[in-house]
Amino acid sequence: MTQPPYPSGPQNSGWQQQPPPGTPAGPGGPPAWDGRGYAPGFEPRGPRRSRTSLYVVIGAAGIIVFLGVVALLLPGLMGGDDDQGSGPTAPSPAAARPTGSPQPTAQASETPGGPRLTEATTLATRFLAYLNANDQAHATTLACADSKNLLAGQLIVTIDPPTKLTVSGPAASVTSYYPRISVPFSGTTKGGVPLAGTVDIMDQPTRPLCVRLTSVAH
């Protein structure tokens, strides 16, 4: 019996010799290894970086912010304590002094002979001229609407011809329950009876001047 012939060519002993490091692998063969024991194209990660410095920076920033907030709030808190600790302010003597009921007072105008006082003097002069002429009808036309009847009755009682009355002093603004300008007068009536007093003129800035009443002293 004849044995089959051995195949020609290199003998396969069942294992292959590994190429030296750095030798490229053949087609379909295992990847080549570099001298460090890693496959080509693979780079190992470097050592892990420590985050201690990052934590230190964050902690320092937090402390700075906290100190800033405390610096802003501390003066207000201290000032509030001072305000609460201070006692109540004592009222001034002028504020504590009781005020009585207002009394009518005569006041000289800040502008003697000013337009309003001059106009009042002219009106009183006309009013007295009508009385001197025994023309009470025209005299009452110078009266205020709400006091015309009262003034007419007053003239009937106090004035009787012959009458000679004139303005005897400067006009003055008077503060009372109604604003008025008083023009003093003097003279005689009923032939020789002395008569003196004031012509009281209503003084409302938005209205024309008018005679309200006469204050008479025999």
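The coordinates are above.
Residues numbered from 1 in each chain as written. Predicted model: local features only at pLDDT ≥ 70, side-chain atom pairs only at ≥ 80, totals over all residues. Heavy atoms only, no water.

Trainee: Hey, could you run me through the state of the cysteines in this one?
Mentor: Counted under the stated rule, the structure contains 1 disulfide. Between Cys 144 and Cys 210 runs a disulfide, and the two sulfur atoms are separated by 1.8 Å. Between Cys 144 and Cys 210, the S-S torsion sits near 85°, and that sign places the bridge as right-handed. Here Cys 144, found in the loop between α4 (136-140) and α5 (148-158), pairs with Cys 210, found in strand β6 (residues 210-217); they are 66 residues apart in sequence, far enough to count as distant. Cys 144 sits in the buried class, given a relative accessible area of 4%. For Cys 210, a relative accessible area of 14% gives the class buried. (Disulfide = S-S within 2.5 Å. Helix = DSSP H or I, 4+ residues; strand = E, 2+ residues; numbered from the N terminus. Buried < 20%, exposed > 50% of the residue type's maximum accessible area, 1.4 Å probe, protein only.)

Trainee: Is there a simple way to explain the pattern of salt bridges in this structure?
Mentor: Oppositely charged side chains may form a pair once their charged atoms are brought near each other. Evaluated as defined, the whole model comprises 3 salt bridges. Arg 212 is the partner of Asp 146 in a salt bridge, and the nearest nitrogen-oxygen pair spans 3.4 Å. Of this pair, Asp 146 sits in the loop between α4 and α5 while Arg 212 sits in strand β6, and the two are 66 residues apart along the sequence. In this structure Asp 146 comes out as exposed when scored by relative accessible area, which is 61%. We classify Arg 212 as buried; its relative accessible area is 17%. Asp 200 is paired through a salt bridge with Arg 180; the nearest N and O atoms lie 3.8 Å apart. Here Asp 200, found in strand β5 (residues 193-202), pairs with Arg 180, found in strand β4 (residues 180-189); they are 20 residues apart in sequence, far enough to count as distant. (Salt bridge = Lys/Arg side-chain N within 4 Å of Asp/Glu carboxyl O.)

Trainee: Just to check I follow, could you spell out empty space enclosed by the protein for this structure?
Mentor: Picture a little ball the size of a water molecule; that probe, rolled over the atoms, points out where space is still empty. Taken as a whole and assessed by the stated rule, the structure comprises 1 cavity of 30 Å³ or more. In this structure, the largest cavity spans a volume of roughly 30 Å³. Together, Phe 127, Leu 131, Leu 155, Thr 158, Ile 159, Leu 165, Phe 185, Thr 214 and Val 216 line the largest cavity. Counting residues per element, the ones that place at least two in the lining of the largest cavity are α3 (115-132), α5 and β6. Classifying every residue of the lining of the largest cavity by side-chain character gives 7 nonpolar, 2 polar and no charged. (1 Å grid on protein atoms, 1.4 Å probe; cavity = no way out; pocket = protein on both sides within 12 Å on 5 of 7 lines; lining within 4 Å. Points joined across faces, edges and corners; volume = space filled by probe spheres on them. Nonpolar A, V, L, I, M, F, W, Y, C, P; charged D, E, K, R; others polar.)

Trainee: Looking at this model, I keep getting lost on α3. Mind explaining?
Mentor: Side chains three or four residues apart in an α-helix point the same way, a direct result of the helix having 3.6 residues per turn. Taking 1.5 Å per residue as the helical rise, α3 with its 18 residues ought to reach 26 Å, and the 26 Å between its terminal C-alpha atoms agrees with that figure. Buried residues of α3: Leu 117, Ala 120, Leu 123, Ala 124, Phe 127, Leu 128 and Leu 131, and no others. Down the axis of α3, the buried side of the element spans an arc of 135°, and every buried residue falls inside it. Where α3 terminates, the next one or two residues include Asn 134, which has phi positive at roughly 55°. (Expected span 1.5 Å × (residues − 1). Arc of directions from axis to C-beta.)

Trainee: Teacher, can you tell me more about α5 here?
Mentor: Looking at α5, one finds that the buried residues are Leu 151, Leu 155 and Thr 158. Down the axis of α5, the smallest arc covering the buried residues is 80°, so these residues share one side. Across from the buried face of α5, at angles greater than 90 degrees, the exposed residues are Asn 149, Leu 150, Ile 156 and Val 157. Considering only its buried residues, α5 is in contact with α3, α4, β4, β5 and β6. (Contact = heavy atoms within 4.5 Å.)

Trainee: Would you mind showing me how to read the packing of aromatic side chains here?
Mentor: A ring pair, where both rings are aromatic, is described by two values, the distance of the centres and the angle of the planes. For the coordinates displayed, the defined rule picks out 1 aromatic pair. Arranged with centres 4.9 Å apart and planes meeting at 70°, the rings of Tyr 177 and Tyr 178 form a pair that is edge-to-face. Residue Tyr 177 is classed as exposed on the basis of its relative accessible area of 70%. The ring of Tyr 178 has Arg 212 sitting right over it, with the charged end atom 4.5 Å from the ring centre. (Phe/Tyr/Trp six-rings, centres within 6.5 Å; stacked < 30°, edge-to-face > 60°. Lys NZ or Arg CZ within 6 Å of the ring centre and 35° of its normal.)

Trainee: Hey, could you run me through unusual backbone geometry in this one?
Mentor: Negative phi characterises most residues that are not glycine, and trans characterises most peptide bonds. Here the amide bond leading from Pro 161 into Pro 162 is cis, since omega sits at -5°, within 30 degrees of zero. Position of Pro 162 among the secondary structure elements: in the loop between α5 and β2 (164-167). Of note, Asn 134 is a non-glycine position whose phi angle comes to about 55°, a positive value. Turning to its location among the elements, Asn 134 is positioned in the loop between α3 and α4. We classify Asn 134 as partly exposed; its relative accessible area is 44%.

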